[in-house]
Amino acid sequence: AETRWTWEEVERHSTADDAWLVIDGRVYDVTDFAVSHPGGPIIYKFAGVDASDQFAAFHRPRVYGRLPQFLVGEVIEDEGHLPSKATA
């Protein structure tokens, strides 16, 4: 069973030393990868928020295949706490 995280928990992981992002409801820990992110440090802008739209816009479909290695669970949709959307 996958670990389930609340948005409140995900939002705590929003620094260069501890960077999680959410893509299509799944939570990824990209802390170690972010330093070598081919697109550069912009990845940190999306730490702790829903980056689904930006990921889809700036990555080729094959890049989705690299995501599972970073998966740490899924986000719980919580009516009382809507996700922070990345702004770009």
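These remarks concern the structure in this document.

The rules behind each value
Residues numbered from 1 in each chain as written. Predicted model: local features only at pLDDT ≥ 70, side-chain atom pairs only at ≥ 80, totals over all residues. Heavy atoms only, no water. Helix = DSSP H or I, 4+ residues; strand = E, 2+ residues; numbered from the N terminus. Buried < 20%, exposed > 50% of the residue type's maximum accessible area, 1.4 Å probe, protein only. Polar contact = N/O pair within 3.5 Å; in protein donor to acceptor, adjacent residues only side chain to side chain. Contact = heavy atoms within 4.5 Å. Salt bridge = Lys/Arg side-chain N within 4 Å of Asp/Glu carboxyl O.

Here we look at the side chain of Thr-31
Point 1. Along the chain, the position of Thr-31 falls in helix α2 (residues 31–34).
Point 2. For Thr-31, a relative accessible area of 16% corresponds to the buried category.
Point 3. Within the local environment of Thr-31, its side chain forms a polar contact with the backbone nitrogen of Ala-19, the two atoms lying 2.8 Å apart.
Point 4. A distance of 2.6 Å separates a polar atom in the side chain of Thr-31 from a polar atom in the side chain of Asp-29.
Point 5. Beyond its immediate sequence surroundings of up to four residues, Thr-31 is in contact with Ala-16, Asp-17, Asp-18 and Ala-19.

Quick word on the pattern of salt bridges
Point 1. Taken as a whole and judged by the stated rule, the model has 1 salt bridge.
Point 2. The partner of Arg-4 in a salt bridge is Glu-74, and the shortest N-O contact between them spans 3.2 Å. Linking Arg-4 in strand β1 (residues 4–5) with Glu-74 in strand β5 (residues 71–75), this pair joins segments that are 70 residues apart in sequence.
Point 3. When its relative accessible area of 26% is taken as the criterion, Glu-74 is described as partly exposed.

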